[in-house]
Amino acid sequence: MEEISSVSVILRRNIFSRRTEKTFNFTESAGFRGKAVDLDWIVFRVGLLSVLYSKYKKATVGVMITASHNPEPDNGVKVVGPMGEMMEGSWELSATELINSRDEDLELTLQQTINNFCIDATWPASVYFARDTRPSSPMLAEALCKALEMFHCTVKDYGILSTPQLHYMVRCDNTHGSYGVPTEAGYYEKLSKAFLAIMQPESNKGQYIASVMIDGANGVGALKAADISKYLKHSLSMSIFNDGSHGKLNYKCGADHVKVSQTAPEGVPVELAARCLSFDGDADRVVYYYIDEGGKFSLLDGDKIATLVAGFLNEMVVASGLNLKLGVVQTAYANGSSTNYISNVLKVPVSCVSTGVKHLHHRAADYDVGVYFEANGHGTVLFSDKAFNMIRKISNAESGDTCQKEAADKLLSFVDVVNQTVGDAISDMLLVEAILHERGWSIQQWNDLYNDLPNRQMKVKVRERTVIVTTDAERKTTAPAGLQDRIDEIVSKYPVARAFVRPSGTEDIVRVYAESDTQEKADSLACKVAQAVYDMAGGDGDRPAELC
Ligand code: G16
């Protein structure tokens, strides 16, 4: 590939040259994240990677510039595969090598990637990209463009999009429109048409059927929620707060803040019993919450969404007369009560995988209908081709059971409300609202399905977080030596307790999760486990015990 030599020319001019000796990791789910000021050269290299990935896949791929839930000064970059999935795991190593390669070796590393993956260099690459609302994103988009321009590939710059919107665009392009139209209007039209078919606002005499208060995390989700509201007629009234007009991205607001702190965000006048929800910075996560009559804050996180969705879809599948395998995929963060509810009340199979959407997405694809949600609110539903075709067949049948046909018709609308490419805060909100409408439930009735075990998450700063190595879907550690025994010993002193630790893939910290039968015990357990991590894994800075 002759274009590769122009990479060296650019680097010789000191543009986008590697500016540090530090080693970086590129992960499939989170891509790469760090302080935005240090990232232009990394984004440039990810641009080169995306061109090779497109040639390898012989399809359009995507690049999203975002650091999602991270603070505003951070930024990051992710690569999206042709069907809207995350980049293949086998490319993670090459991505990491490309980022860490010395400038003088970059040409060779690119060539090695071409050889390793037997890439047809003549294939015309196609890369779609978008960015979130961070002030640093335009500068990083320019670095990306510089890489793409060198390869004469098809490039489409969507400007500001939510992460799931970009995933949707890439899939639409590669399925030649059968998944949808690869424009923002196409996205809004697809979702809203399906939502309106379920909600039927015309029957409600100009009154809104449902209403929500949205915390947009001062990010892209606020803009896109305002856009789709124009398509939703009187089906859903949205009051949007933290819309980015003032206030910092993800600061004391947004899905991650609400989930971890288990408190309402700043900037949202949470009203009694109102359905409130928070998106994260790139609108791929959503969590719900409300204040009850006793003034208590209740959080309905990804686990509550998964149980609502799985319970409803399971009933619809049965009502359609179909024999489809429906299952739920969770991670170790899933509240123990949710897992019990899914297995013992819904009687639906549930599996646990490592953190990161790509793990959940992959496992969910084993089911005909796979519902996956991380407790943090990141998730979606996958309908296999088999499931879709069977549902459509019942729906299109000219004779047959009317009730089964009605259920199948409805299921088809649900299929189209869902963005199956990746977790999508807007699509998930519509999915939840549609199910609550079908059930006739308030947020409190939804919450009453089961009681969460009290739980606590903490962060521990250590010198090198990769010293923590995990196994069993991150529920146990294998290193440093003795840490798991120490955690087991601590946990054994608490009733109905569980705790685990794992290195974060998006921040330079170790995460601790603990649950027990009271909030005090969950807090105390988290503190003790955090202290064990600090003591045994090279703690840095404040001792957790002092923060507890
Ligand atoms: C990203 C992934 C999520 C994952 C999260 C974990 O979230 O997309 O699937 O749950 O990272 O973060 P950590 O490894 O720091 O716990 P997001 O929303 O920030 O892109």
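Analysis parameters
Residues numbered from 1 in each chain as written. Predicted model: local features only at pLDDT ≥ 70, side-chain atom pairs only at ≥ 80, totals over all residues. Heavy atoms only, no water. UniProt positions renumbered as here; feature names shortened; annotations may be inferred. Pairing = 2+ DSSP bridges. Helix = DSSP H or I, 4+ residues; strand = E, 2+ residues; numbered from the N terminus. Axes fitted to C-alpha atoms, helices over the stretch in contact; angles between N-to-C directions. Parallel < 35°, antiparallel > 145°, perpendicular 65-115°, else oblique. Left-handed = near helix turned anticlockwise from the far one by under 90°. Contact = heavy atoms within 4.5 Å. Nonpolar A, V, L, I, M, F, W, Y, C, P; charged D, E, K, R; others polar. Salt bridge = Lys/Arg side-chain N within 4 Å of Asp/Glu carboxyl O. Buried < 20%, exposed > 50% of the residue type's maximum accessible area, 1.4 Å probe, protein only. Core = buried A, V, L, I, M, F, W, Y, C linked by side-chain atoms within 4.5 Å.

- As recorded by an unreviewed UniProt entry, the chain carries the name Phosphoacetylglucosamine mutase and is attributed to Priapulus caudatus.
- The record in UniProt for the chain states the following under Catalytic activity (unreviewed entry): "N-acetyl-alpha-D-glucosamine 1-phosphate = N-acetyl-D-glucosamine 6-phosphate".
- Per UniProt, the comment on the chain under Function (unreviewed entry) is "Catalyzes the conversion of GlcNAc-6-P into GlcNAc-1-P during the synthesis of uridine diphosphate/UDP-GlcNAc, a sugar nucleotide critical to multiple glycosylation pathways including protein N- and O-glycosylation."

**What to know about the sheet that holds strand β9 (residues 286–291)**
So, step 1. Taken together, the five strands give an open sheet; going across it, the order is β7-β6-β8-β9-β10, and neighbouring strands pair in mixed fashion. This sheet does not close on itself; its edge strands, each paired only once, are β7 (236–241) and β10 (297–300). Between one strand axis and the next, the sheet turns by 30° as a mean value, whatever way the strands run.
So, step 2. Both strand β6 (residues 210–215) and strand β8 (residues 276–279) contribute to a ladder of three bridges, which runs parallel.

**Overview of the packing of helix α3 (residues 92–100) against helix α4 (residues 106–116)**
So, step 1. Running from N to C, α3 and α4 cross one another at 165°; their axes reach a closest spacing of 9 Å. It follows from the interaxial angle that α3 and α4 lie roughly antiparallel. Relative to α4, α3 is oriented so that their crossing is left-handed. Contact residues: Ser94, Glu97 and Leu98 in α3; Leu106, Thr109, Leu110 and Thr113 in α4.
So, step 2. Of the residues in the contact of α3 with α4, the class split is three nonpolar, three polar and one charged.

**With respect to the UniProt feature "domain: Phosphoacetylglucosamine mutase AMG1" (unreviewed entry) in the chain**
So, step 1. Mapped onto this numbering, the UniProt entry gives "domain: Phosphoacetylglucosamine mutase AMG1" (unreviewed entry) at residues 181–287 and 301–441.
So, step 2. For residues 301–441, the end-to-end C-alpha separation is 17 Å, with 56% helix and 14% strand making up the annotated structure.

**Quick word on the pattern of salt bridges**
Where side chains of opposite charge bring their charged atoms close, a pairing between them can arise.
So, step 1. Tallied over the full model, the rule gives 32 salt bridges.
So, step 2. The salt bridge involving Arg502 is made with Glu474; its shortest N-O contact spans 3.0 Å. On the criterion of sequence distance, the pair formed by Arg502 in strand β18 (residues 498–503) and Glu474 in the loop between β16 (469–471) and β17 (476–479) is long-range, its members being 28 residues apart.
So, step 3. By relative accessible area, which is 7% here, Arg502 ends up buried.
So, step 4. Classification of Glu474 by relative accessible area gives buried; the value is 11%.
So, step 5. Several salt bridges share partner residues, and in doing so they unite Arg102, Glu104 and Asp105 into one network.

**Here we look at the pairing of strand β2 (residues 60–65)**
So, step 1. Of all six residues making up β2, six are buried, and the element is well covered by its neighbours.
So, step 2. What you see with β2 is no split at all: Thr60, Gly62 and Met64 on one side and Val61, Val63 and Ile65 on the other are buried throughout.
So, step 3. Where β2 and strand β4 (residues 126–131) come together, six bridges link them in parallel fashion. Paired with Gly62 across the two strands is Tyr128, which belongs to β4.
So, step 4. Where β2 lies against strand β3 (residues 74–80), four bridges are found, and the strand directions are antiparallel. Following the sheet pairing, Gly62 is matched in β3 by Val80.

**Some details on the nonpolar core**
So, step 1. Among the nonpolar cores identified, the biggest contains 78 residues, and Phe279, Leu313 and Met429 are the most heavily contacted of them.
So, step 2. Residues contacting Phe279, with those up to four places away along its chain left out, are Ile214, Asp215, Ala217, Gly221, Ala225, Gly254, Ala255, Arg285, Val286, Ala425, Ile426 and Met429.
So, step 3. Judged by nonpolar contacts, the second largest core, of 46 residues, contains Phe16, Phe26, Leu48 and Ile99.

**Notes on the sheet that holds strand β14 (residues 379–383)**
So, step 1. An order of β12-β11-β13-β14 is seen for the four strands of this open sheet, with the pairing classed as mixed. Looking along the sheet, the strands with just one partner apiece sit at the ends: β12 (350–353) and β14. Neighbour-to-neighbour, the strand axes of this sheet turn through a mean angle of 20°, independent of strand direction.
So, step 2. Pairing of strand β11 (residues 326–331) with strand β13 (residues 369–373), which is carried by four bridges, proceeds in the parallel orientation. For Gly327, the partnering residue across the bridge sits in β13 and is Gly370.

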